[in-house]
Amino acid sequence: MYLTGNKYCRPMAKLPNIQLSGRMGDLIFYVRNGKQCMRSMPRKVKNPKSKAQTRQRTQFATASSFASSLLKELIHPYWNAIAKKENRTGYNFFLSSNLPAFTNSEILTKKLILVPENSLQEEKITAQKNETAILLKWYFEKASKRAQADDALSLLLLSETNALEIKRNIARRSDQELILCLDKAVSVFAFWERDGLWSESRYIIDFRR
């Protein structure tokens, strides 16, 4: 027994080499990546049906549904690759990065990050549109590790029903412009790819005929 502050404390007993899962009193035991972890039970919400709680649940539900629809196209190939460096899933990484874009069961497309940054540089892309096409322009000055002349431009077209279409390798940085012909209403995002690296996606424009 030893003295700490004004209290006498007994040394904690050593546990055998076992792994626990489940609840014990106010503690929850679980195993993550082979390591024993413990956390306390969450406090009960006084008013789970308050406006704030309802809004948060709706926001999370909308974001979760949207993320689930992108597992194959974006989360597995792009978000998982970045998230595993922090020992987390791409799905959770996507949600934490994009939750501000979801509000009142709506998606704020201008705030969406559909592809996370992975070593390549973004470009500021301007857009001019008419009834059937969009003229995209960007300025490429000189090559670097983060930007090469042959980097491929990929576009993400998000429809009003949140269906996603990916157009890969449709231009190069050195081209500095692209005419995109469209026949439906979409939100346009762009990013660059090269040999397993990519830039963060950038919202470009909403196309409405």
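Everything numeric in this text was worked out from a predicted model, so none of it was measured.

Observations concerning the packing of helix 2 (residues 71-83) against helix 3 (residues 90-98)
Point 1. Between helix 2 and helix 3, the shortest axis-to-axis distance is 8 Å and the interhelical angle comes to 90°. Overall, the two elements helix 2 and helix 3 adopt an arrangement that is roughly perpendicular. Where helix 2 approaches helix 3, its residues Leu71, Ile75, Trp79, Asn80, Ile82 and Ala83 are matched on the opposing element by Gly90, Tyr91, Phe93, Phe94, Ser97 and Asn98.
Point 2. Classifying every residue of the contact of helix 2 with helix 3 gives eight nonpolar, four polar and no charged.

What to know about the nonpolar core
Point 1. By size, the foremost hydrophobic cluster in this structure holds 24 residues, and its most contacted members are Phe66, Leu112 and Leu114.
Point 2. For this core, the element with the most residues is helix 2, which contributes six residues.
Point 3. Leave out the neighbours within four places in its chain, and Phe66 touches Phe94, Phe102, Ile107, Leu112, Leu114, Leu158 and Asn162.
Point 4. Counting 18 residues, the second largest nonpolar core, distinct from the first, contains Ile134, Leu155, Leu180 and Ile205.

Quick notes on the sheet that holds strand 9 (residues 133-137)
Hydrogen bonds along the backbone pair up the strands of a sheet, which may run parallel or antiparallel.
Point 1. As summarised here, the arrangement of the three strands in space is 8-9-12, forming an open sheet in which the pairing is antiparallel. In the strand order of this sheet, the two ends are held by strand 8 (126-129) and strand 12 (177-181), each with one partner. Shown here is a sheet whose adjacent strand axes are inclined to one another by a mean of 20°, direction ignored.
Point 2. Inspection of the sheet shows strand 8 paired to strand 9 by four bridges, in the antiparallel sense. Along strand 9, the bridge assignment pairs Gln128 with Leu135.

Brief notes about the pattern of salt bridges
Point 1. Counted by the stated rule, this structure contains 10 salt bridges.
Point 2. Between Asp151 and Arg173 there is a salt bridge, and its shortest N-O distance comes to 2.7 Å. On the criterion of sequence distance, the pair formed by Asp151 in the loop between strand 9 and strand 10 (152-159) and Arg173 in the loop between strand 11 (164-172) and strand 12 is long-range, its members being 22 residues apart. For the pair Asp151 and Arg173, a shared accessibility class is recorded, and that class is buried.
Point 3. Where Glu193 meets Arg168, a salt bridge forms, and the shortest distance between an N and an O atom there is 3.8 Å.

Thoughts on unusual backbone geometry
Trans peptide bonds make up the majority, and among non-glycine residues the majority have a negative phi.
Point 1. Of note, Asn87 is a non-glycine position whose phi angle comes to about 60°, a positive value.
Point 2. Here Asn87 is to be found in the loop between helix 2 and helix 3.
Point 3. Of note in this structure, Asn162 is not a glycine but carries a positive phi near 70°.
Point 4. Following the sequence through the fold, Asn162 ends up in the loop between strand 10 and strand 11.
Point 5. Overall, the relative accessible area of 31% leaves Asn162 in the partly exposed class.

What about the packing of aromatic side chains?
Point 1. A complete count under the given rule lists eight aromatic pairs for this structure.
Point 2. Seen in terms of ring centroids, Phe66 and Phe102 are 5.6 Å apart; in terms of plane orientation they differ by 55°. Their pairing is tilted. One end of the pair, Phe66, is in helix 1 (residues 51-68); the other, Phe102, is in strand 6 (residues 102-103), and 36 residues separate them in sequence. Both residues of the pair, Phe66 and Phe102, count as buried.

Quick look at the confidence of the model for the protein chain
Point 1. When pLDDT is averaged along the protein chain, the result is 85; 84% of the residues meet or exceed 70.
Point 2. Of all the helices and strands in the protein chain, strand 1 (residues 2-4) carries the lowest mean pLDDT, 41, while strand 14 (residues 197-198) carries the highest, 98.
Point 3. In this model residues 1-15 is a low-confidence stretch, pLDDT under 50, and it forms 11 contacts with partners more than four residues away in sequence or in other chains.

Cut-offs and rules
- Residues numbered from 1 in each chain as written.
- Predicted model: local features only at pLDDT ≥ 70, side-chain atom pairs only at ≥ 80, totals over all residues.
- Heavy atoms only, no water.
- Axes fitted to C-alpha atoms, helices over the stretch in contact; angles between N-to-C directions.
- Helix = DSSP H or I, 4+ residues; strand = E, 2+ residues; numbered from the N terminus.
- Parallel < 35°, antiparallel > 145°, perpendicular 65-115°, else oblique.
- Contact = heavy atoms within 4.5 Å.
- Nonpolar A, V, L, I, M, F, W, Y, C, P; charged D, E, K, R; others polar.
- Core = buried A, V, L, I, M, F, W, Y, C linked by side-chain atoms within 4.5 Å.
- Buried < 20%, exposed > 50% of the residue type's maximum accessible area, 1.4 Å probe, protein only.
- Pairing = 2+ DSSP bridges.
- Salt bridge = Lys/Arg side-chain N within 4 Å of Asp/Glu carboxyl O.
- Phe/Tyr/Trp six-rings, centres within 6.5 Å; stacked < 30°, edge-to-face > 60°.
- pLDDT = per-residue confidence, 0-100.

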